[in-house]
Amino acid sequence: QVQLVESGGGLVHPGGSLRLSCAASASIFSIYAMGWYRQAPGNKRDLVALITNGGSTNYADSVKGRFTISRDNDKNTVYLLMNSLKPEDTAVYYCGGFRDLPDYLRGLGSWGQGTQVTVSS
């Protein structure tokens, strides 16, 4: 399985921006979908944004218009640009990679270790 490493988290004020990166240990060109998920204390892990190998994207309603997911197949990296951050965006953000549609639907994929994002004044 491909190994994923997230980076770019940190502490930011409300209204600020962060860009998260997810570096893969192997080519992501043929991976069906790459996604960013987040988990706040006491909550389950939820999808934030997803991008397929065809370039289609999907966002959680709570982040539409503020977050942008992108992938650079040459660098084997997926990004999440987060603007207009709110305190409720505070969570550990995880990168996930899904080999094909069945794996995605079953939630079977490769996961990174997570990166903490804290939005606070």
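Refer to the structure above for everything that follows.
Everything numeric in this text was worked out from a predicted model, so none of it was measured.

Caption draft 1: Highlighting the sheet that holds strand E7 (residues 67-72). Strand order in this open sheet of 4 strands is E1-E3-E8-E7, and the pairing throughout is antiparallel. Of all strands in the sheet, those with a lone pairing partner are strand E1 (4-7) and E7, marking the two edges. Strand-to-strand twist across the sheet, computed as the mean angle between neighbouring axes with direction ignored, equals 15°.

Caption draft 2: A look at the pairing of E1. By the alternation rule, side chains of E1 split into Leu4 and Glu6, which are all buried, and Val5 and Ser7, of which none is buried. Summarising the sheet, E1 and strand E3 (residues 18-24) pair through 4 bridges and their orientation is antiparallel. Among the inter-strand pairings, glutamate 6 is bridged to a residue of E3, identified as cysteine 22.

Caption draft 3: Structural view of the state of the cysteines. Applying the stated rule across the entire model yields 1 disulfide. Paired by a disulfide, cysteine 22 and cysteine 95 hold their sulfur atoms 2.1 Å apart. Its S-S torsion of approximately -75° makes the covalent link between cysteine 22 and cysteine 95 left-handed. With cysteine 22 in strand E3 and cysteine 95 in strand E9 (residues 91-98), this pair connects stretches of sequence that are 73 residues apart. A relative accessible area of 1% places cysteine 22 in the buried class. Residue class for cysteine 95 comes out buried when judged on its relative accessible area of 0%.

Each value, and the rule that gives it
Residues numbered from 1 in each chain as written. Predicted model: local features only at pLDDT ≥ 70, side-chain atom pairs only at ≥ 80, totals over all residues. Heavy atoms only, no water. Pairing = 2+ DSSP bridges. Helix = DSSP H or I, 4+ residues; strand = E, 2+ residues; numbered from the N terminus. Axes fitted to C-alpha atoms, helices over the stretch in contact; angles between N-to-C directions. Buried < 20%, exposed > 50% of the residue type's maximum accessible area, 1.4 Å probe, protein only. Disulfide = S-S within 2.5 Å.

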